[in-house]
Each structure stands twice: as C-alpha cells, then as structure tokens.
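Commentary on secondary and tertiary structure
What follows is each chain in one-letter form.
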Amino acid sequence: MKDADQAIDPLEDITLIPGPTEELLNERQFLDYRSEREQCLDWLLTFGIDPKTADGYAKTTVSNRAFRMDQFYRWVWEQEGGYTTSLTHDHADNYLRHLAGQQKSNAHKNSCRKALMMLYKWRHHQRGADKWEPEITFSRKNQSTTPRDYLTREERTAIRDASLEYGSVPSRDSVHGDERDQWVAYLAQRFEKPKTEVTEADWDRANKWKTPSLVAASLDGGLRPIEVERARTSWVDVDNGVLRIPKEESSKNTEHWIVSLQTQTVEMLDRWLTQRATIEKYDDTDALWLTRRSNPYQTSSLRNLLHRLCEIAGISTENRQMSWYAIRHSTGTYMAREEGLAAAQTQLRHKSPETTMKYDQAPIEDRKNALDRMG
C-alpha cells in the first residue's frame, strides 16, 4: 500500500526540504516545515492558477518555484534569528529589496518574485492572510527579446536525420559471428536482460519510432518540455495530420490548440502508435512517449536527448544554450519568416502576439545573404 501511495503522490520528484534547509532544523521543526511545504505545494498544483476552477500550475513550474520559496524561508529565519512559518508582508517586501541589491540578473529576481507571489497567494486563500501586492518590480529591459539560441534550417534537418539513427541497430539477419554477438550484448545492456534472453523481438524493438516521432513532432510544433511530458495518444489526429492539444492539457490552460504537422511526421507518429500498442510499459497509460525508465520526459531528459542527437549530427553545442527550447525557437523563427507572425503565433500556441514578436527577426542565413549583397 505504501508503494501504491508513493506512485500517485502529486509531490513526487519535488524536493520538499533541500539539504541546506534540513541542516538548520531540529526534528520537530523539520516535521512542521515539511507539513507547511506539502500543504502549499499541493494547493499550487491543484488550485494555484484559479482556485474557482481548480486550475493548478504545471508540476515543473511548482518544482522550480518551490526551490526559490525555500530560499525565502531561510532568509526569513536568518533575519528573525530562528525558525518560523509566520510570514509577513514586511518579510516579502524586505526580501525584494534584498534581491534588488544583489548582482543577479533581473530574470532571476523576477523568478524569485513570482515564487513569493505564489507563496503568498496560497497564504491568502488557505490561511486567511491579507493579499500581498509587491512594492517592487524588476525591469526586463536588460534582457534580450531575441531567442538566445535556435537551430538553423540545416541543423533542423540534421537533428531530424539523427533521430532516425539514434539507438538503431542493423537487421538481425544481416550480422553474423562476433559482430552479432556484440549487438546482442548491446541489446542485453540496453534492455537490461541477460544475453541469453535477447530475442528477435528485441532487435525489432530497438528500431522503434518513439524518438523519431518525438523529435519530428517537436520540430513541427515547437513543443515545450511540459507539452512533451503531457502529450497523450489522443492528441494525435493521423487522418487530418495535426496534433490536437485540449485546453486542460495545454501548457497555459487557455484554449484548445491545433498544431500542423508535416506528412513525414504524421507517418512517424502513426508507426509509433502501432508499435507503442505492443509495448508492455504503455499498457496502463495514455502517455504518448515515456523514457527508457518508464518516466515522462522532462527538461533534463530532453536536454540530454538533444545533446546526444547533436553528437550524432556533428553539431557543436559549445558556447550555446542547447536546451529543448532551441527546437521551439527555431520553429518560431522560421515560421515567422515563411508565413508571418500570425502563423507563428498559432503554431507556437501563444495567447498574446507580443510573445511571438521576439521571433520576428532575420535568421542567420538571411543576414549572411544580405552581407553578401552589400559587398
């Protein structure tokens, strides 16, 4: 029963009490603080955006903000000379003033501010505290409105091609002797089974369409990490060649979205859905893609996948912010270039056109051509 409870724990994978905080607390303080954190974070996951409609924040958002909330608690304890959960508006305002004097980016300071707003929103709704209105905001003028890194057209093609090569193995009948034995050893390690138990089905399984379909859908739709994590089989409309993302599963929970897909991407998704139906770990879930460990893909696992694809494609990641958002940024940049901001806004699922405007720029190759023409 304990394992079953842990399996459905909404706070699983969220660090409730980081190590530095735990070192500051005695046993009773630890239990009290843990209860405080559990109540707060659980409420944010379920009701945080709009308590009236039980619309909560995404788990990745809560996890990131939880760390910054914990930093705030520790700062309060330092100011008060000891442990307390009695937070005041003065604590929050003074903390923002403290942040203002730090040599940190405004992006970091704004993230801390947002974390405080979530914390005090919970206190207002669940603890009866007065609503807190921050006295300080942090200007974003020093931040670039241009996506920091994105894939060029050539790199997009290379990444798509690399996904077809990633994890693939030759046909079982095409290798013999020592070479086959080496591939059997590879498959045994990959699927965590003895070499004697590697079957012909494992050879076929190694060439499944999971990674190519995930990469192709992300390249076409500019999928955010949270959207890859939430993706469901019901999103795939093979007949019409689109992804249909329902409002309640979209990253911003604002409206239903229809995402256009290339014909090749639709074919990959169709093949993957057929293969997926034969894989045991998908029997009790409608998740479209799971990692080898049967977990949903998240920011770190997607970053690792992209870096591996870059290695296969021969794309250097040195001095580049090569996260999964590099794929999304490239989709926005070239969609805006080819079809205009309206098309990019819809394809990227932006509620506000202002958000899409940062993709209204000349791609690298266009600027190179301009320089050539300029002489």
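As the structure is a prediction and not an experimental result, all values here were calculated from the model.

Look at helix H12 (residues 263-276): 20 Å from first C-alpha to last across 14 residues, which is about the 20 Å you get at 1.5 Å a residue. Of the residues making up H12, those classed as buried are Thr265, Val266, Met268, Leu269, Trp272 and Arg276. Taken around the axis of H12, the buried residues stretch over an arc of 160°, which confines them to a single face. In H12, the exposed residues that point more than 90 degrees away from the buried face are Thr263 and Thr274. Looking at the packing, one finds that the buried side of H12 touches helix H7 (153-165), helix H10 (210-221), strand E1 (236-237) and strand E2 (242-245).

Below, the discussion takes up helix H4 (residues 59-80). The end-to-end C-alpha distance of H4, which contains 22 residues, comes to 31 Å, matching closely the 32 Å that a straight helix rising 1.5 Å per residue would cover. Taken together, the buried positions of H4 are Val62, Arg65, Ala66, Met69, Asp70, Phe72, Tyr73, Trp75, Val76 and Trp77. In this fold, the buried residues of H4 make contact with helix H2 (19-22), helix H3 (27-47), helix H5 (89-100) and helix H6 (106-127).

This paragraph deals with a negative patch on the surface. Among the surface-exposed residues, Asp9, Glu12, Asp13 and Asp42 lie close enough to one another that they form a single negatively charged patch. For Asp9, the position within the fold is in the loop between helix H1 (2-7) and H2.

Moving on to the side chain of Arg160. Looking at where Arg160 falls in the secondary structure, it is placed in helix H7. Arg160 gets classed as buried once you look at its relative accessible area, which sits at 14%. Once residues lying within four places of it in the same chain are set aside, the contact partners of Arg160 are Val215, Ala216, Leu219, Asp220, Gln262 and Thr265.

Rules behind the numbers
- Residues numbered from 1 in each chain as written.
- Predicted model: local features only at pLDDT ≥ 70, side-chain atom pairs only at ≥ 80, totals over all residues.
- Heavy atoms only, no water.
- Helix = DSSP H or I, 4+ residues; strand = E, 2+ residues; numbered from the N terminus.
- Expected span 1.5 Å × (residues − 1).
- Buried < 20%, exposed > 50% of the residue type's maximum accessible area, 1.4 Å probe, protein only.
- Arc of directions from axis to C-beta.
- Contact = heavy atoms within 4.5 Å.
- Patch = residues over 30% accessible without salt bridge, like charges linked within 9 Å, V, L, I, M, F, W, Y side chains within 5 Å.
- Areas by Shrake-Rupley, 256 points an atom, 1.4 Å probe, with all protein chains shown as cover.
- Salt bridge = Lys/Arg side-chain N within 4 Å of Asp/Glu carboxyl O.
- Lys, Arg positive; Asp, Glu negative; His and termini not counted.
- Charge placed at Lys NZ, Arg CZ, Asp CG, Glu CD.

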